[in-house]
Amino acid sequence: IMLCVPYLSFIASDSAGLSGLMAIFFCGIVMSHYAKYNLSEQGRHTTHHVTHTLAHVSELLTFLYFGFTILPMIVQSCDLAEEQDVYRVEWRFIGWTLLLCFVTRAAHF
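The next point concerns the overall build of the chain. Helix and strand counts for the chain stand at 4 helices and 0 strands. Helices (α) and strands (β) of the chain occur, in sequence order from the N terminus, as α-α-α-α. Carbon and sulfur atoms form 71% of the exposed surface of the chain, whose accessible area is close to 9,500 Å².

Next up on the list: the packing of helix H1 (residues 4-15) against helix H2 (residues 20-34). At a minimum axis separation of 8 Å, H1 and H2 run at an interaxial angle of 145°. In the crossing of H1 with H2, the sense of the turn from one axis to the other is right-handed. The segment H1 lies against H2, with Val5, Pro6, Ser9, Phe10 and Ser13 engaging Gly20, Leu21, Ala23, Ile24, Cys27 and Met31. Across the contact of H1 with H2, the residue classes tally to 8 nonpolar, 3 polar and no charged.

The next subject is a nonpolar patch on the surface. A cluster of nonpolar side chains, Val57, Leu60, Leu61, Leu64 and Phe68, forms an exposed patch at the surface whose accessible area comes to about 500 Å². Of note, Leu64 is situated in helix H3 (residues 41-83).

Because the α-helix completes a turn every 3.6 residues, residues three or four places apart line up on one side. When the terminal C-alpha atoms of helix H4 (residues 91-108) are compared, their 26 Å separation across 18 residues agrees well with the 26 Å that a helix rising 1.5 Å per residue should span. Little of H4 sits inside the fold, with 0 of its 18 residues counted as buried.

Here H2 is 15 residues long and its end C-alpha atoms lie 21 Å apart, about the 21 Å a rise of 1.5 Å per residue gives. Considered for burial, the residues of H2 that qualify are Gly20, Ala23, Cys27 and Met31. Down the axis of H2, the buried side of the element spans an arc of 65°, and every buried residue falls inside it. Of the exposed residues in H2, the ones pointing more than 90 degrees away from its buried face are Leu21 and His33. Near the N-terminus of H2, the side chain that reaches the backbone nitrogen of Met22, with its oxygen 3.3 Å away, is that of Ser19.

Parameters and conventions
- Residues numbered from 1 in each chain as written.
- Predicted model: local features only at pLDDT ≥ 70, side-chain atom pairs only at ≥ 80, totals over all residues.
- Heavy atoms only, no water.
- Helix = DSSP H or I, 4+ residues; strand = E, 2+ residues; numbered from the N terminus.
- Areas by Shrake-Rupley, 256 points an atom, 1.4 Å probe, with all protein chains shown as cover.
- Axes fitted to C-alpha atoms, helices over the stretch in contact; angles between N-to-C directions.
- Left-handed = near helix turned anticlockwise from the far one by under 90°.
- Contact = heavy atoms within 4.5 Å.
- Nonpolar A, V, L, I, M, F, W, Y, C, P; charged D, E, K, R; others polar.
- Patch = residues over 30% accessible without salt bridge, like charges linked within 9 Å, V, L, I, M, F, W, Y side chains within 5 Å.
- Salt bridge = Lys/Arg side-chain N within 4 Å of Asp/Glu carboxyl O.
- Expected span 1.5 Å × (residues − 1).
- Buried < 20%, exposed > 50% of the residue type's maximum accessible area, 1.4 Å probe, protein only.
- Arc of directions from axis to C-beta.
- Polar contact = N/O pair within 3.5 Å; in protein donor to acceptor, adjacent residues only side chain to side chain.

Here it is, written out as structure tokens:
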């Protein structure tokens, strides 16, 4: 029910020609006032973990899609720059960036 109600509000608003994102936003506000207090402790715990898992999976898919979309553009511009001898890769910068990303991500958990 906790996942179906926002989806149904999205479908209803989208079929009416209104903003689906705003419908989900206001549905979340209404559900936070009413639905949370009508769940058992175990239901709240389960809902909390399911929504956090779905948030992480959504974030992963978003950044994967962004990476796969932007990569061909970067490669094409790099090929053009390489022909003009203006392209240079700073491997130390890339290495430090990846290392710091992994360290901060590990510290987050």
